[in-house]
Amino acid sequence: DAEITQSPRHKIIETGRQVTLACHQTWNHNNMFWYRQDLGHGLRLIHYSYGVHDTNKGEVSDGYSVSRSNTEDLPLTLESAASSQTSVYFCASSEAIRDAGTQYFGPGTRLLVL
Amino acid sequence: SQKIEQNSEALNIQEGKTATLTCNYTNYSPAYLQWYRQDPGRGPVFLLLIRENEKEKRKERLKVTFDTTLKQSLFHITASQPADSATYLCALGRGDKIIFGKGTRLHILP
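Reference entry: report on the structure contained in this document. None of the values given here were measured: they were computed from a predicted structure.

### A short note on the overall build of chain A
Argument step 1. Within chain A, the regular secondary structure consists of 0 helices and 11 strands.
Argument step 2. Listing each helix as α and each strand as β along chain A from the N terminus yields β-β-β-β-β-β-β-β-β-β-β.
Argument step 3. Relative to a compact globule of 114 residues, whose C-alpha radius of gyration would be 13 Å, chain A shows 13 Å and is just as compact.
Argument step 4. Evaluated residue by residue, chain A yields a buried proportion of 48% over its 114 residues.

Below you can see the structure in the form of structure tokens.
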């Protein structure tokens, strides 16, 4: 069965360190997204990609970067982690957002920045 | 700026009754609206999609309405069960943009 996976599921890092969160989907979807979810804010879009070598900034992109070298993966990098980036991170994929494509979410990565 | 409002308080409904969740929005004209379910510690799961030219959609015990004049969607779960307890997220989209509401926690009481 097709799926979308995230790793690690839990991570604790020190302020200022770099960390990369992995996202891998086997749906063969063109579109991939990264969200963060915080109490009181709901899901907020960080970055998204419509295909290989395409990346776009979302609502809260400062301090984050992504790259898309193949269809299956969209890793999210925090260049220099800050305590404000403590959150739960969700990756999602969809077939065609312009056709109101359903988003399929991964299980999430819980990140704690100390 | 665009804003989506869902019931901020948790909703407690007796088992067997109909649960109705509300999604209101401002400063936005979505082409479609989606509802997702999220269980604790898990990612959201898609439930239903309704487009701007549709008034109502049904799927088993679920019903969604979409009123673009009132800028509101209602999400109904009929014959509710304790297993329906979860957080439900409303999401609006047009073109390449989707924005999510903060969600409403629903508790179905046995």
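### Observations concerning the state of the cysteines
Argument step 1. Across all of its chains, the model carries 2 disulfides over all chains by this definition.
Argument step 2. Each sulfur of the disulfide joining A:Cys23 and A:Cys91 lies 1.8 Å from the other. Linking A:Cys23 and A:Cys91, the disulfide has an S-S dihedral of approximately -70° and is accordingly described as left-handed. Of this pair, A:Cys23 sits in strand 3 (residues 19-25) while A:Cys91 sits in strand 9 (residues 87-94); the two residues are 68 residues apart in sequence, bridging distant segments of the chain. The pair A:Cys23 / A:Cys91 is uniform in exposure class, with both members buried.
Argument step 3. The partner cysteine of B:Cys23 in its disulfide is B:Cys90, sulfur to sulfur 2.0 Å.

### Some thoughts on the interface of chain A and chain B
Argument step 1. The interface is formed by 20 residues belonging to chain A together with 19 residues belonging to chain B.
Argument step 2. Our count for the contact surface shared by chain A and chain B stands at 3 residue pairs in polar contact (both at pLDDT 80 or more).
Argument step 3. Counting only elements with at least two residues in the side of chain A that touches chain B, the list comes to strand 4 (31-38) and strand 5 (42-51) of chain A.
Argument step 4. Considering every element that reaches the side of chain A that touches chain B, the biggest residue donor is strand 5 of chain A, with 4 residues.
Argument step 5. Grouping the amino acids of the side of chain A that touches chain B by side-chain chemistry returns 9 nonpolar, 8 polar and 3 charged.

### So, the side chain of B:Gln34
Residue and element names in this part refer to chain B.
Argument step 1. Topologically, Gln34 is positioned in strand 4 (residues 32-38).
Argument step 2. Looking at Gln34, the relative accessible area reads 0%, which means it is buried.
Argument step 3. Polar contacts involving the side chain of Gln34 include one to the side chain of Tyr36, which spans 2.6 Å.

### Side note on the packing of aromatic side chains
Argument step 1. Per the stated rule, a full pass over the model turns up 15 aromatic pairs over all chains.
Argument step 2. Seen in terms of ring centroids, A:Phe105 and B:Phe100 are 6.0 Å apart; in terms of plane orientation they differ by 80°. Their pairing is edge-to-face. In this pair, A:Phe105 sits in strand 10 (residues 104-105) while B:Phe100 sits in strand 10 (residues 97-100), so the two residues belong to two different chains. In this pair, the class of A:Phe105 matches that of B:Phe100, namely buried.
Argument step 3. By the ring-pair criterion, three or more aromatic residues cluster together here, those being A:Phe33, A:Tyr35, A:Tyr48, A:Tyr50, A:Phe90, A:Phe105, B:Tyr36, B:Phe46 and B:Phe100.

### Quick notes on unusual backbone geometry
Excluding glycine, a negative phi dihedral is what most residues carry, and trans is how most peptide bonds are arranged.
All names here are of chain A.
Argument step 1. At the junction of Ser7 and Pro8, the peptide bond is cis and its omega measures out at -5° in the coordinates.
Argument step 2. Structurally, Pro8 is set in the loop between strand 1 (4-7) and strand 2 (10-13).
Argument step 3. Residue His53 is not a glycine yet carries a positive backbone phi of 70°.
Argument step 4. Assessed through its relative accessible area of 67%, His53 is described here as exposed.

### Regarding the pattern of salt bridges
Pairs can form between side chains of opposite charge whenever their charged atoms are close.
Argument step 1. Tallying each qualifying case throughout the model produces 9 salt bridges over all chains.
Argument step 2. One salt bridge connects A:Arg36 with A:Asp38, and the closest N-O pair in it is separated by 2.8 Å.
Argument step 3. Here B:Glu52 and B:Arg94 are joined by a salt bridge, their closest N and O atoms 3.1 Å apart. On the criterion of sequence distance, the pair formed by B:Glu52 in the loop between strand 5 (45-51) and strand 6 (56-59) and B:Arg94 in strand 9 (residues 86-94) is long-range, its members being 42 residues apart.
Argument step 4. For B:Glu52, a relative accessible area of 40% puts it in the partly exposed group.
Argument step 5. Through salt bridges that share partners, A:Arg36, A:Asp38 and A:Arg44 make up one connected network.

### Some points on the sheet that holds strand 8 (residues 76-78) of chain A
Residues and elements named next belong to chain A.
Argument step 1. A sheet is described by the order of its strands in space; here 4 strands give the open sequence 1-3-8-7, paired in antiparallel fashion. Both outer strands of the open sheet, strand 1 and strand 7 (64-66), are each paired with one neighbouring strand and no more. Neighbour to neighbour, the strand axes of the sheet diverge by 20° on average, direction disregarded.

The rules behind each value
- Residues numbered from 1 in each chain as written.
- Chains lettered and ligands numbered in written order.
- Predicted model: local features only at pLDDT ≥ 70, side-chain atom pairs only at ≥ 80, totals over all residues.
- Heavy atoms only, no water.
- Helix = DSSP H or I, 4+ residues; strand = E, 2+ residues; numbered from the N terminus.
- Rg over C-alpha atoms; globule rule 2.2 N^0.38 Å.
- Buried < 20%, exposed > 50% of the residue type's maximum accessible area, 1.4 Å probe, protein only.
- Disulfide = S-S within 2.5 Å.
- Contact = heavy atoms within 4.5 Å.
- Polar contact = N/O pair within 3.5 Å; in protein donor to acceptor, adjacent residues only side chain to side chain.
- Nonpolar A, V, L, I, M, F, W, Y, C, P; charged D, E, K, R; others polar.
- Phe/Tyr/Trp six-rings, centres within 6.5 Å; stacked < 30°, edge-to-face > 60°.
- Salt bridge = Lys/Arg side-chain N within 4 Å of Asp/Glu carboxyl O.
- Pairing = 2+ DSSP bridges.
- Axes fitted to C-alpha atoms, helices over the stretch in contact; angles between N-to-C directions.

Distances and angles like these do not, on their own, reveal function.
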